[in-house]
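# Structural characterization, general
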Amino acid sequence: MRATTRLAQVCLLLAGCLLVWILPHPSSWEPGRQPDLPVIYVITPTHSRPTQKADLTRLANTLRQVPKLHWILVEDAKVRSPMVAGLLSRCGLAYTHLNVSKPDFCQRGCVARGSEQRNLGLDWLWRNRGPLDSGVVYFADDDNTYDLELFEEMRYTKLVSVWPVGLIAARWYERPLVGNGRVVGWYTGFPGRTFGIDMAGFAVNLNLILANPSVRFVLKGAKAGMQENDFLSKLTRMEDLEPKANNCTRVLVWHTRTEPAALYKHRKENISIEV
């Protein structure tokens, strides 16, 4: 009898341990979870293409593991798509779903892709957040790859924080060069910029964004590779940047870019399947 009771107790203990092990990481949408953490606002431009749902699904699976995160997803479209709306409703994240089309002069191509969508995300923050809100703003493309540690590196950004980006500009990485704890230059394939950094390589304190409502990404007349430089030049100085990721010696985000889907063998069926 005692052996049976002992076996039952062991089974209950193992079951409890298993339950704790499989519980999901507390995510940003759960009320009451870690209320003192600054919120990470992730602004993501997205556009219609065969791999869009796959890319957004992968990104959502990353973001929902990060506590206190709000995803601002902005479609390059005249109307918000049911596919994206459905994905967001199931993703388990606090989110805002917006849309704006690229201007007419960009319809045939534009060096500043995603800028109109990023600006709309900034507009939403200016309208819906105030100086009492704490947080950080990050511009995350939907086809990059992100280490979860990156988000904790950026969370307590005071002004503008920076770090390396992997697989970019025909190099293994680009990164800020750091001396005595301060950014002193750039290891980059495109020199000559005050801020030689990719969109994935920096985050901005929410209150710095809110204090500068006129700061936007330039679309008309923009030069290739200058979006980040022009934006940051209006907000900070190089000597005030905050190097993260072990003084910018670790890569926590990769500019991977999804390969275009080859669909030439597909034959249409008499059925509607969302892919």
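Notes on the structure in this doc start here. (Residues numbered from 1 in each chain as written. Predicted model: local features only at pLDDT ≥ 70, side-chain atom pairs only at ≥ 80, totals over all residues. Heavy atoms only, no water.)

### Observations regarding the overall build of the chain
- Secondary structure assignment for the chain yields eight helices and twelve strands.
- A buried classification covers 46% of the 275 residues belonging to the chain.
- Here the chain displays about 15600 Å² of accessible surface, and carbon together with sulfur accounts for 56% of that area. (Helix = DSSP H or I, 4+ residues; strand = E, 2+ residues; numbered from the N terminus. Buried < 20%, exposed > 50% of the residue type's maximum accessible area, 1.4 Å probe, protein only. Areas by Shrake-Rupley, 256 points an atom, 1.4 Å probe, with all protein chains shown as cover.)

### Quick word on helix 3 (residues 82-90)
- Burial in helix 3 covers these residues: Met-83, Val-84, Gly-86, Leu-87 and Leu-88.
- Of the surrounding elements, those touching the buried residues of helix 3 are helix 2 (52-63), strand 2 (69-75) and strand 3 (94-99).
- After helix 3 finishes, the residue Gly-92 shows a positive phi value of roughly 80 degrees. (Contact = heavy atoms within 4.5 Å.)

### What to know about a nonpolar patch on the surface
- Together, Leu-167, Trp-172, Tyr-173 and Tyr-187 give the surface a local cluster of nonpolar side chains, amounting to about 470 Å² of exposed area.
- Mapped onto the elements of the fold, Leu-167 is located in strand 7 (residues 165-168).
- The class of Leu-167 is partly exposed, set by a relative accessible area of 39%. (Patch = residues over 30% accessible without salt bridge, like charges linked within 9 Å, V, L, I, M, F, W, Y side chains within 5 Å. Salt bridge = Lys/Arg side-chain N within 4 Å of Asp/Glu carboxyl O.)

### Examining the packing of aromatic side chains
- This structure, assessed with the given rule, holds eleven aromatic pairs.
- When the centroid spacing of 6.1 Å and the interplanar angle of 55 degrees are considered together, the rings of Phe-139 and Phe-202 count as tilted. Taken as a pair, Phe-139 in strand 4 (residues 135-139) and Phe-202 in strand 10 (residues 202-205) lie far apart in primary sequence, 63 residues in all. By the burial criterion, Phe-139 is buried, and Phe-202 matches it. (Phe/Tyr/Trp six-rings, centres within 6.5 Å; stacked < 30°, edge-to-face > 60°.)

### Describing the pairing of strand 2
- The buried count for strand 2 comes to seven of seven residues, which makes it a mostly enclosed element.
- Of the strand pairs in this sheet, strand 1 (residues 39-46) and strand 2 are connected by seven bridges, and their pairing is parallel. Within strand 2, the position partnered with Thr-46 by the bridge is Glu-75.
- After leaving strand 1, the chain enters helix 2 and then returns to the sheet as strand 2, a path that is right-handed.
- Here strand 2 pairs with strand 3 via six bridges, running parallel. Bridge pairing links Glu-75 to Asn-99 in strand 3.
- Between the parallel pair strand 2 and strand 3, the chain is carried across by helix 3, and the sense of this crossover is right-handed. (Pairing = 2+ DSSP bridges. Right-handed = clockwise from strand over helix to strand, strands pointing away.)

### Regarding the sheet that holds strand 4
- Overall, mixed pairing links the seven strands, which are arranged 3-2-1-4-10-6-11 in an open sheet. Two strands bound the open sheet, and with one partner strand each, they are strand 3 and strand 11 (242-243).
- Across five bridges, the pairing between strand 1 and strand 4 is parallel. By the bridge assignment for strand 4, Val-42 is matched with Tyr-138.

### Things to note about unusual backbone geometry
- Of note, the phi angle at Ala-169 is positive, near 55 degrees, even though the residue is not glycine.
- Locating Ala-169 in the fold gives a position in the loop between strand 7 and strand 8 (171-179).
- Exposure remark for Ala-169: the relative accessible area of 27% places this residue in the partly exposed category.
- Unusually for a residue other than glycine, Asn-247 sits at a positive phi of about 55 degrees.
- By the secondary structure assignment, Asn-247 is in helix 8 (residues 245-248).

### A word on the pattern of salt bridges
- Applying the stated criterion to the full structure yields eleven salt bridges.
- For the salt bridge of Arg-250 with Glu-149, the shortest nitrogen-to-oxygen distance reads 2.7 Å. You can see Arg-250 sitting in the loop between helix 8 and strand 12 (253-254) and its partner Glu-149 sitting in helix 5 (residues 148-154), a full 101 residues away along the chain.
- According to the relative accessible area criterion, Arg-250 is partly exposed, its value standing at 32%.
- Given the relative accessible area of 32%, Glu-149 is considered partly exposed.
- Between Asp-240 and Arg-237 there is a salt bridge whose closest N-O contact spans 2.9 Å.
- On the basis of relative accessible area, Asp-240 is assigned to the partly exposed category, the value being 28%.
- In this structure Arg-237 comes out as partly exposed when scored by relative accessible area, which is 48%.
- Here the salt bridges do not stand alone but share partners, grouping Arg-49, Asp-55, Arg-58 and Asp-142 into one network.

These results come straight from atomic positions and should not be treated as a statement about function.
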